[in-house]
Every structure is written in structure tokens, then in C-alpha cells.
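Per-entry structural report
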Amino acid sequence: MKHLPFDALMELESGVIDEASQVINRRLSDMPSFFHDQDAVQAQLEEDPVLYRTYVKQNPISSSLWNIGSSVIEPGTVGNEYFMTKGHFHLKEEAPEVYFTVSGSGRLLLQKHSGEIEVKKMAPGVINYIPGGWAHRTVNVGEKPLIFFAVWPADAGHNYGAIEEMGFSRLVVNDRGVPKIIDNPRYAPGLVK
Ligand code: PAN
Ligand code: ZN
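Below is a summary of the structure that appears in this document. (Residues numbered from 1 in each chain as written. Chains lettered and ligands numbered in written order. Predicted model: local features only at pLDDT ≥ 70, side-chain atom pairs only at ≥ 80, totals over all residues. Heavy atoms only, no water.)

A word on the site of ligand 1
- Neighbouring residues of ligand 1: 16 residues in total, closest Tyr-52, Ser-71, Glu-97, Tyr-99 and Tyr-160.
- Within the side chain of Tyr-52, a nitrogen or oxygen atom sits 2.5 Å from an oxygen atom of ligand 1.
- Note that an oxygen atom of ligand 1 is positioned 3.1 Å from one of the side-chain N or O atoms of His-90.
- The protein chains hide 96% of the 400 Å² of surface that ligand 1 would expose on its own.
- More than half of the atoms of ligand 1 fall within 2 Å of the grid points belonging to the largest pocket. (Near = heavy atom within 4 Å. Polar contact = N/O pair within 3.5 Å; in protein donor to acceptor, adjacent residues only side chain to side chain. Areas by Shrake-Rupley, 256 points an atom, 1.4 Å probe, with all protein chains shown as cover. 1 Å grid on protein atoms, 1.4 Å probe; cavity = no way out; pocket = protein on both sides within 12 Å on 5 of 7 lines; lining within 4 Å. Sits in = over half its atoms within 2 Å of the grid points.)

Next up, the structure:
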């Protein structure tokens, strides 16, 4: 396997990675079941806002052990639940990941199959280490885009199904302008390994 150096430029203002090999746009219609207030989902589906974008850069000239990427989560809520990513386990469960927040204000939900959960803050300069075996979801609790850089093993893969089925045990909601962590009434542990 050949490993050659490569560079990328991330525009710090926008979070865009130049010449990304993959750009993923996620709208509300891509993930309606992930939000707890289904009436609010229905009401907002007509507008169908973009919730977040992810830019991934793979080594253009040789295979590499790492993927690099950025994510931009827009500010806003569905009902009282802040815009957030789907969240996933890595298919290769032991694969870790590192996030580095460039701008905005967020929360990182981390949850193991056992149900153990941690909630971390994301703010400019904060580096979050996500160990293997922990599902991860990012939530924008601020009024401007939450922008972060990420690096993860190229063969990690994404398992969205487990989180879609069981959810995280906590929700991050806007309580009169203040982010609050509450229990998720729809949390269904044990549905999926
Ligand atoms: C990130 C995420 C990105 C979007 O690059 O993929 O923030 O979140 P979802 O993948 O949950 O929609 C990452 O964790 N990669 O492994
Ligand atoms: Zn990941």
C-alpha cells in the first residue's frame, strides 16, 4: 500500500474543504425520524431546511489510513430540539475519531451499546477524542454554524441503523434560549445490538 503526502485547505469561516472528494448535504427530509417532536417535523418538512453539510477529503493519489473532513451544522431547532447530526457507531467498532471545533457552540453526545452516555462541550479550540465503541452525534446549541474538523480511520465505516432504531438516551433542547439535556422518552435500548 502506497502512502503519499497530500494537503487540503479548510476555509475557517465557512468550514468548506476545497476539492473535497465527497460533500454530504443532510436536510430534514433525510432524517425525519431522528427528531422527537413529529408534529414539528411535519410542520417544517415543507421548508425542508439543510441541517448540516459534511466535506470529506480522501487522499487523491494513493490510499491512506485516515480520512479527513469537516462538518457544518446550521443553527436552528426542530420543535425545541436543536439541529443535529444523525449520529452513528463506526462499522469497525474499535475505530476512534478526533474532532476539533473551529467555531460555534455545540454538544457532543457519546453513547455505548451498554447505554453509558457522556455529553461533551464543543467550542472553538476544543479537541474531542471519541474512543472506539462510542456512537457520536453533534448538536449545534448556538446561533451561528457549528464548524468542526474531524479525522478518522479510512476503513471505519458508518452504522446509522443502530442509532436510528434506539436513539440516544438524552436530547439536547432549547429551553427559553438555554441548552438543556433531557431524557429521551423514545429511547429504546436493546432493540439493536
Ligand atoms: C463525521 C460525521 C459528520 C456527519 O465526519 O460523519 O459529522 O454526521 P453523521 O455521519 O452522523 O451524519 C464522523 O463522525 N465521521 O466518522
Ligand atoms: Zn464518526
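Looking at unusual backbone geometry
- Although it is not a glycine, Asp-48 adopts a positive phi angle of roughly 45°.
- Of note, Asp-48 is situated in the loop between helix 1 (38-45) and strand 2 (50-57).
- The phi dihedral of Arg-176 falls on the positive side, at around 50°, and the residue is not glycine.
- Residue position: Arg-176 is located in the loop between strand 12 (170-175) and strand 13 (178-183). (Helix = DSSP H or I, 4+ residues; strand = E, 2+ residues; numbered from the N terminus.)

Re the coordination of the zinc ion (ligand 2)
- At this site the zinc ion (ligand 2) is bound by His-88 (NE2), His-90 (NE2), Glu-97 (OE) and His-136 (NE2), with donor distances of 2.1 to 2.3 Å.
- Note that the zinc ion (ligand 2) binds six donor atoms; their angles at the metal cover 75 to 174°, and the shape is octahedral.
- Donor residues binding the zinc ion (ligand 2) come from one chain and are separated in sequence as H-x1-H-x6-E-x38-H. (Donors = N, O, S within 2.8 Å, 3.2 Å for Na, K, Ca; no water. Tetrahedral: all angles 85-135°; square planar, octahedral: opposite > 155°, others 65-115°.)

Things to note about the nonpolar core
- Counting 36 residues, the largest nonpolar core has Phe-35, Leu-51, Val-78, Tyr-99 and Ile-163 as the members making the most contacts within it.
- Among the elements that take part in this core, strand 11 (residues 146-153) stands out by supplying four residues, more than any other.
- Setting aside residues up to four positions removed in sequence, Ile-163 forms contacts with Phe-34, Lys-86, Gly-87, His-88, Phe-89, Ala-135, Arg-137 and Phe-168.
- One finds Met-10, Ile-17, Tyr-55 and Val-72 within the second-largest nonpolar core, a separate group that totals six residues. (Core = buried A, V, L, I, M, F, W, Y, C linked by side-chain atoms within 4.5 Å. Buried < 20%, exposed > 50% of the residue type's maximum accessible area, 1.4 Å probe, protein only. Contact = heavy atoms within 4.5 Å.)

Here's the deal with the sheet that holds strand 3 (residues 66-73)
- Strand order in this open sheet of six strands is 1-2-3-11-6-9, and the pairing throughout is antiparallel. Taken across any chain shown, the strands that pair with only one partner, and hence form the sheet edges, are strand 1 (22-27) and strand 9 (127-130). Put simply, the sheet's adjacent strands are angled 20° from each other on average, direction ignored.
- Sheet topology note: the strand 3/strand 11 ladder contains eight bridges and is antiparallel. By the bridge assignment, Ser-71 is partnered in strand 11 with Phe-148. (Pairing = 2+ DSSP bridges. Axes fitted to C-alpha atoms, helices over the stretch in contact; angles between N-to-C directions.)

Points about the packing of aromatic side chains
- Scanning the model with the defined rule gives one aromatic pair in all.
- Taking the ring centre of Tyr-160 as reference, the NZ or CZ of Arg-26 above it sits at 5.2 Å.
- Its guanidinium or amino end placed over the ring of Tyr-160, Lys-86 lies 5.2 Å from that ring's centre, counting from NZ or CZ. (Phe/Tyr/Trp six-rings, centres within 6.5 Å; stacked < 30°, edge-to-face > 60°. Lys NZ or Arg CZ within 6 Å of the ring centre and 35° of its normal.)

So, the layout of surface pockets
- In this structure, the largest pocket spans a volume of roughly 370 Å³.
- In terms of lining, the largest pocket is formed by 26 residues, of which the most central are Thr-54, Ser-71, His-88, His-158 and Tyr-160.
- Among the residues forming the lining of the largest pocket, the class breakdown is nine nonpolar, 14 polar and three charged.
- Here the second largest pocket is characterised by a volume of approximately 160 Å³.
- If you go around the second largest pocket, you meet 15 residues; those closest to its centre are Ser-33, Glu-164, Gly-167, Asn-184 and Arg-186.
- Contributing elements (two or more residues each) for the lining of the second largest pocket: helix 2 (161-166) and strand 12.
- Looking at which element gives the most residues to the lining of the second largest pocket, the answer is helix 2, with four residues.
- Looking at the lining of the second largest pocket residue by residue, the class counts come to six nonpolar, four polar and five charged. (Points joined across faces, edges and corners; volume = space filled by probe spheres on them. Nonpolar A, V, L, I, M, F, W, Y, C, P; charged D, E, K, R; others polar.)

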